[in-house]
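# Structural overview for review
So the chains spell out like this:
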Amino acid sequence: MLSGQTPERHTILNWAKQGHIKPDDVERALALTQASPSNNQWLAFTAKLLLWLSAVALAAGVIFFFAFNWQSISNFTKFATLQSTIVLAGIVYSRLDHHSISGISCITLITLLTGALLALVGQIYQTGADPWQLFAIWAIFTLPWAIIHRASTVWMIFITLVNLALYLYSETFRGLFGFLFRSEDLTSIFLAINTAFILILEFGYRFKQCFIKNRFAIQITLFFTGSLATWLAMWSIFDFDDFHWGGLFYLIWISIAFYYYRHCQLDLFVLSGVATSLIITASSLLIKTFGDAFDGGAFLVISLAIIGMSTAAGIWLKNLYQVQKQQRSAQDD
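Anyway, here's the lowdown on the structure attached to this text. Position labels on residues start from 1 in each chain and follow its written sequence. Local features in this predicted model are restricted to residues whose pLDDT is 70 or higher, and side-chain atom pairs enter the listing and the counts only when it is 80 or higher, whereas totals over whole chains, interfaces and linings include all residues. The side-chain quantities take in all heavy atoms of the structure and omit both hydrogens and water.

### Comments concerning the pattern of salt bridges
This is how the line gets drawn: A carboxyl oxygen of Asp or Glu within 4 Å of a side-chain nitrogen of Lys or Arg is what we treat as a salt bridge. Where helices and strands are cited, they refer to DSSP runs of H or I of at least four residues and of E of at least two residues respectively, numbered from the N terminus. Note on exposure labels: buried denotes an accessible area under 20% of the residue type's maximum, exposed denotes more than 50%, and partly exposed covers the range between, all computed with a 1.4 Å probe on protein chains only.
Counted according to the given criterion, the structure contains two salt bridges. Among the ionic pairs, R215 bridges to E202, the shortest N-O distance being 2.8 Å. Taken together, the residues span a long stretch of sequence, with R215 in the loop between α9 (183–206) and α10 (216–238) and E202 in helix α9 at a distance of 13 residues. Residue R215 shares its accessibility class with E202, and that shared class is buried. D267 is paired through a salt bridge with R215; the nearest N and O atoms lie 3.2 Å apart.

In structure tokens:
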């Protein structure tokens, strides 16, 4: 599997950027140090990519097959086709290493087809269930697989299903939620729920990886949750008279995220998101401060401020990368 830029490759590219290596000699330097991916690495990466794409394509193919031929096939054929596909995937899965890439892609296929089966039952029998119930039940069936396999892919499916179920629930019972909560309050609820997911996954990752074995699902959930927090901050800035709690929620969330992922669990992906969020929020404050006085000077000040903050964030992240590289070198030694 390709793992991004190796330290050797990064060093050589830096030397080339600084002029220590001629542009024509970069490829030769990479070849001599074996810093470029080998043919076997490319083949392994391509095989895994095609494996994931085939699992998703197979699930989508089964779903679209029903959608296109809905009127021309019987209900028995629909159920037999879908259930046979799930059983076949289960047989293949039973013969694979459950924690390998093949096993995880196979269980991802089974998870997707489970949702298709639930949708098929609801469509044929017209149970009267609301759409949010489909995603809620689907999430319940997905959770055991996520815990057993510790795979970020399955965890992301579960978290997405929970968010969809909650969103559709709020849309279905608009009267109840409209009376108790406003749209911005619902955003705060989604922020709290996804933050809880992050805390649970971080706990599982730090303590012997008991139900998640990498940080991909944590990082993606943090990206989504950080977007919600930033949206609340912007909402608070531009509509301060009507809604002011968003700014407080944002300050608490961004402060905790910065402290934890800078001092407890160094994560450059998350810190880059924190820096981007702070730049967006600061820019929103500048826009709000200038108000209606938008002339050439105001735009120039805001543009220079964004450029300055972005440059400072880039330098800060680059320095943190050097710190992280030193820490990894010390651990390897």
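### Regarding helix α6 (residues 131–149)
Condition: A helix is expected to span 1.5 Å multiplied by its residue count minus one. What the bend at a residue measures is the angle between two axes, fitted to the seven residues ending there and to the seven starting there. Contacts are residue-level and defined by heavy atoms, with any inter-residue pair within 4.5 Å sufficient.
Here α6 spans 28 Å end to end across 19 residues, near enough to the 27 Å set by a 1.5 Å rise per residue. Approximately 30 degrees is the largest bend angle found in α6, and it occurs at T142, with the proline P144 only one to four residues beyond. The complete set of buried residues in α6 reads F135, W138, A139, T142, A146 and H149. In this structure, the buried residues of α6 make contact with α4 (75–94), α5 (101–125) and α7 (152–172).

### A look at the packing of α10 against helix α11 (residues 245–264)
Selection rule: Note on method: axes are straight lines fitted to C-alpha atoms, helices fitted across the in-contact stretch only, with angles between N-to-C directions ranging 0 to 180 degrees. Crossing handedness: left-handed means the near helix sits turned counterclockwise from the far one by under a right angle, and right-handed means the same turn made clockwise. Only Asp, Glu, Lys and Arg are considered charged in this grouping, and only Ala, Val, Leu, Ile, Met, Phe, Trp, Tyr, Cys and Pro are considered nonpolar; every other residue, Gly among them, is considered polar.
The N-to-C vectors of α10 and α11 enclose an angle of 145 degrees; their axes lie 8 Å apart at closest approach. Judged by the twist between their axes, the crossing of α10 over α11 is left-handed. Of the residues in α11, those in contact with I218, L222, T225, G226, A229, T230, L232, A233 and S236 of α10 are G246, G247, Y250, W253 and Y261. Among the residues making up the contact of α10 with α11, the classes are represented as eight nonpolar, six polar and no charged.

### Some points on a nonpolar patch on the surface
The criterion, for reference: Two joining distances apply to patches: 9 Å for like charges and 5 Å for nonpolar side chains (Val, Leu, Ile, Met, Phe, Trp, Tyr), and every residue must have over 30% relative accessible area and no salt bridge. Where accessible areas are quoted, they stem from the Shrake-Rupley method and a 1.4 Å probe; at the residue level, only the protein chains shown are allowed to cover.
Side chains of W245, L248, F249, I252 and I256 sit close together on the surface and give an oily, nonpolar patch of about 480 Å² of accessible area. Structurally, the position occupied by W245 is in helix α11. For W245, a relative accessible area of 46% translates into the label partly exposed.

### Structural notes on the side chain of Q265
For the record, the criterion: As used in this structure description, the phrase polar contact means that two N or O atoms lie within 3.5 Å; if the pair is within protein, one of them must be able to donate a hydrogen and the other to accept it, and residues adjacent in sequence are counted only when both atoms belong to side chains.
Along the chain, Q265 turns up in the loop between α11 and α12 (268–290). According to the relative accessible area criterion, Q265 is buried, its value standing at 18%. Within the structure, the side chain of Q265 is placed 3.4 Å from the side chain of R206, a separation counted as a polar contact. In this view, Q265 contacts R206, R215 and Y260; residues no more than four positions away in its chain are not counted.

### Details of the packing of aromatic side chains
Heads up, the condition is: Ring pairs shown here join Phe, Tyr and Trp side chains whose ring centres sit within 6.5 Å, with only the six-membered ring taken for Trp; geometry is labelled stacked below 30 degrees between planes, edge-to-face above 60, and tilted in between. Two thresholds decide whether a charge sits over a ring: the Lys NZ or Arg CZ must be within 6 Å of the ring centre and within 35 degrees of the ring normal.
Here the structure, examined in full by the defined rule, presents nine aromatic pairs. Summarising the aromatic geometry, the rings of F135 and W138 are spaced 6.2 Å apart at their centres and angled 25 degrees between planes, so their arrangement reads as stacked. Of this pair, F135 and W138 both sit in helix α6, three residues apart, which is roughly one turn of that helix. Grouping residues by exposure puts F135 and W138 together as buried. Taking 5.8 Å as the distance between ring centres and 75 degrees as the angle between the ring planes, the aromatic pair formed by F158 and F197 counts as edge-to-face. With F158 in helix α7 and F197 in helix α9, this residue pair connects regions lying 39 residues apart in the sequence. Residue class for F158 comes out buried when judged on its relative accessible area of 9%. Chaining the aromatic ring pairs together yields one cluster made of W155, F158 and F197. When the ring centre of Y205 is taken as origin, the NZ or CZ atom of R215, which lies over that ring, is 5.3 Å away.

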